[in-house]
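Now for the letters of each chain:
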Amino acid sequence: MVTANLRTGEDYLRALRDGRRIYVDGQLVTDVTTHPAFAGGARSLSNLYDIAAAPENREIMTFTSPSSGKPVLRGFQIPRSHADLKARRLAAEMWSEATFGLMGRSPDHVAGFFCGYAAVPSVFAAGGQQFADNVVKFYEHLRENHLYVTYAIVPPQIDRSKPAHLQSDPTLYAGVVKERDDGIAIKGAQQLATAGVYSDYIYISSIHPLQPGDENYAFGVAVPVNAPGVKLYPRRPFGAQATNSFDYPLSSRFDESDCFVVLDDVFVPWEHVFIYRNIQVTRDQWWQTPAHLYGNLQAQARYTTKLRFMTGLAKRMNQLTGNDANPAVQIQMGELTSLVSIVESALLAQEVAAEIDANGVVWPSRTALYSIMALQSELNSRMIEIIRELSGAGMISLPSSHKDFSNPETAADVQRYYCSATTNADERVALMRMAWDFIGSEFGNRHQQYEKFYGGASFLVKQNVNRNFDYARATALVDRALALPSIEAAPGACGCR
């Protein structure tokens with residue numbers, strides 16, 4: 001009988017104590033699992049591994065490894081059928097529900113990218129067969145060891161008017177500065193490694209357009225987070241300001257942290273190099289493999305889960321205030337749920353309209369994916385606006401903190417005036433605190449910015465839709481209409497009386 005040595009939450013937390021160099025408030029963080037800024041997020045992510053390792057979740061969260069015969073995380077499955085693709089989505093939803101869709105770079109996101117790379121290694125072989133072999137072997141290493149990889153694939157915003165090689169300093173953007181017999185050295189910076197503080201590896205590459213002369217920046221490498229020369233600079237962590245989980249129910253648990261990555265002469269052995277000084281392959285990794293589709297199928301499953309959670313918050317607010325039966329409120333909720341349903345339908349359409357290539361690999365529908373990604377920034381803003389309108393002053397007319405419930409001088413007033421017609425003050429304030437943390441806090445506003453640019457600038461995603469839409473079918477209908485035979489009226493048949 002094959003034993004299941006799936007990674008547990010404790011295994012994961014232990015692996016984070018590896019000497020990685022993360023700086024917050026000018027100080028080196030010695031342990032991300034206990035530091036106030038990161039401990040809550042680390043616990044939430046460790047819980048995902050425990051969910052996957054639980055025997056009752058085995059069928060949803062794992063599949064049988066084709067090499068070892070052991071159960072491995074479903075996020076590493078290369079789909080060979082529509083049923084496989086659905087299974088990936090169901091696993092993504094189970095993990096997303098554990099974080100209420102608030103942790104976008106969970107371990108199954110970039111795992112999807114490496115599935116796409118390993119599914120079409122010929123793209124990497126265009127730069128040399130050794131690179132195709134490397135990417136497949138690394139994918140298998142991740143799969144067999146249940147590892148967590150994130151990515152940093154956009155250069156710093158220093159001078160967007162110039163390409164990488166014409167920046168004021170050629171080592172501002174992450175680039176190759178040395179080639180050795182046993183590997184290469186990388187120097188410079190790259191962004192935005194969301195959840196980088198929590199991962200095992202960071203994939204460093206570029207989705208930003210590169211030009212001739214940028215060859216030193218055209219690479220794809222996997223770097224351990226604790227590799228010598230790697231430094232992470234997270235944006236201000238919301239967990240550090242979340243002094244308790246009542247007043248900060250979401251930011252205390254689900255801040256995944258976005259990181260600026262600095263690479264100071266970081267050595268990368270050849271076996272972890274998948275693209276080397278090749279502008280075409282650097283571009284093709286995203287669009288000539290299903291990598292971008294798999295990673296964003298997970299992303300849309302996560303986003304749909306988040307929208308369900310948001311809709312649930314709105315519904316509960318309406319019930320607490322007694323507005324649930326108000327026709328005006330019902331109209332707003334109808335608009336909100338219509339938009340949420342559009343996102344969910346586009347997610348399911350990626351499966352239904354998926355295609356199987358000549359090698360038996362399933363590619364989710366590009367049109368379905370990129371259409372919803374192109375509209376996500378606009379739809380998300382409208383949905384958040386509806387929640388704000390429904391809440392009125394409810395999210396800001398709240399006690400200053402949970403301590404107001406325990407002070408004898410304030411407790412009676414809080415219990416008397418902060419209740420609702422259907423529940424007590426404790427439950428009402430807890431719900432409205434959660435709504436504020438979702439929408440109005442720094443954590444909530446970060447999420448709005450995150451979703452607005454999730455797929456990159458919307459005009460770029462709209463170009464993806466334009467490239468992949470079935471115009472041939474659409475214009476064929478026009479040609480058929482133009483070719484219809486003329487209708488000649490019969491002599492004397494004018495239709496008049």
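Further up the page is the structure itself.
Residues numbered from 1 in each chain as written. Predicted model: local features only at pLDDT ≥ 70, side-chain atom pairs only at ≥ 80, totals over all residues. Heavy atoms only, no water.

(A) Structural context of the sheet that holds strand 8 (residues 201–204). Spatially, the 4 strands line up as an open sheet ordered 5-8-9-12, and their pairing is mixed. The open sheet has two free edges, formed respectively by strand 5 (149–152) and strand 12 (273–276), since each of these has just one partner strand. Here the average twist between neighbouring strands, direction ignored, is 25°. Looking at chain direction, strand 8 and strand 9 (residues 219–224) are connected through 4 bridges and run antiparallel. In the strand pairing of strand 9, isoleucine 204 is matched with valine 221. Packed on one face of the sheet, helix 5 (residues 109–119) meets strand 5, strand 8 and strand 12 and runs near 85° to strand 5. (Pairing = 2+ DSSP bridges. Helix = DSSP H or I, 4+ residues; strand = E, 2+ residues; numbered from the N terminus. Axes fitted to C-alpha atoms, helices over the stretch in contact; angles between N-to-C directions. Contact = heavy atoms within 4.5 Å.)

(B) Quick peek at the packing of helix 10 (residues 291–321) against helix 12 (residues 366–391). In the contact formed by helix 10 and helix 12, the axes pass within 11 Å of each other and the chain directions differ by 20°. Our classification of the angle between helix 10 and helix 12 gives roughly parallel. Crossing of helix 10 over helix 12 shows left-handed handedness. Across from His292, Leu293, Asn296, Gln300, Tyr303, Leu307, Met310, Ala314, Met317 and Asn318 in helix 10, the residues of helix 12 making contact are Arg366, Leu369, Tyr370, Ile372, Met373, Gln376, Asn380, Met383, Ile384, Ile387, Leu390 and Ser391. Residues that form the contact of helix 10 with helix 12 fall into these classes: 14 nonpolar, 7 polar and 1 charged. (Parallel < 35°, antiparallel > 145°, perpendicular 65-115°, else oblique. Left-handed = near helix turned anticlockwise from the far one by under 90°. Nonpolar A, V, L, I, M, F, W, Y, C, P; charged D, E, K, R; others polar.)

(C) Structural context of the pairing of strand 8. Residue alternation in strand 8 divides its side chains into two sets, Tyr201 and Tyr203 and Ile202 and Ile204, and both sets are buried. Pairing of strand 5 with strand 8, which is carried by 4 bridges, proceeds in the parallel orientation. The residue bridging threonine 150 from the neighbouring strand is isoleucine 202, located in strand 8. (Buried < 20%, exposed > 50% of the residue type's maximum accessible area, 1.4 Å probe, protein only.)

(D) The pattern of salt bridges, seen in detail. Summed over all chains, the structure comprises 25 salt bridges. For aspartate 200, the salt bridge is made with arginine 7, and the minimal N-O distance between the two is 2.8 Å. Placement of aspartate 200 in the loop between strand 7 (183–190) and strand 8 and of arginine 7 in the segment before helix 1 (9–16) is noted, with a sequence separation of 193 residues between them. On the basis of relative accessible area, aspartate 200 is assigned to the buried category, the value being 12%. For arginine 7, a relative accessible area of 10% gives the class buried. A salt bridge links aspartate 247 to arginine 433, with the nearest nitrogen and oxygen atoms 3.0 Å apart. Taken together, the positions of aspartate 247 in the loop between helix 8 (238–241) and strand 11 (259–269) and arginine 433 in helix 14 (residues 425–439) put the pair 186 residues apart, joining distant regions of the chain. The pair aspartate 247 / arginine 433 is uniform in exposure class, with both members buried. One network of salt bridges, with partners in common, ties together Arg89, Glu93, Arg308, Glu344 and Glu351. (Salt bridge = Lys/Arg side-chain N within 4 Å of Asp/Glu carboxyl O.)

(E) Quick look at empty space enclosed by the protein. This structure, assessed with the given rule, holds 5 cavities of 30 Å³ or more. Here the largest cavity is characterised by a volume of approximately 110 Å³. Counting residues per element, the ones that place at least two in the lining of the largest cavity are helix 4 (82–98) and helix 10. It is helix 4 that contributes the most residues to the lining of the largest cavity, 5 residues altogether. (1 Å grid on protein atoms, 1.4 Å probe; cavity = no way out; pocket = protein on both sides within 12 Å on 5 of 7 lines; lining within 4 Å. Points joined across faces, edges and corners; volume = space filled by probe spheres on them.)

(F) Just unusual backbone geometry, in detail. Residue leucine 192 is bonded to the preceding glutamine 191 through a cis peptide linkage, with omega at -5°. You can see leucine 192 is positioned in the loop between strand 7 and strand 8. At aspartate 25, a residue that is not glycine, the phi angle is positive and equals roughly 55°. In this structure, aspartate 25 sits in the loop between strand 1 (22–24) and strand 2 (27–29). A relative accessible area of 74% places aspartate 25 in the exposed class. In this structure, aspartate 265 is a non-glycine residue whose phi angle is positive, near 55°. Along the chain, the position of aspartate 265 falls in strand 11. With a relative accessible area of 45%, aspartate 265 lands in the partly exposed category.

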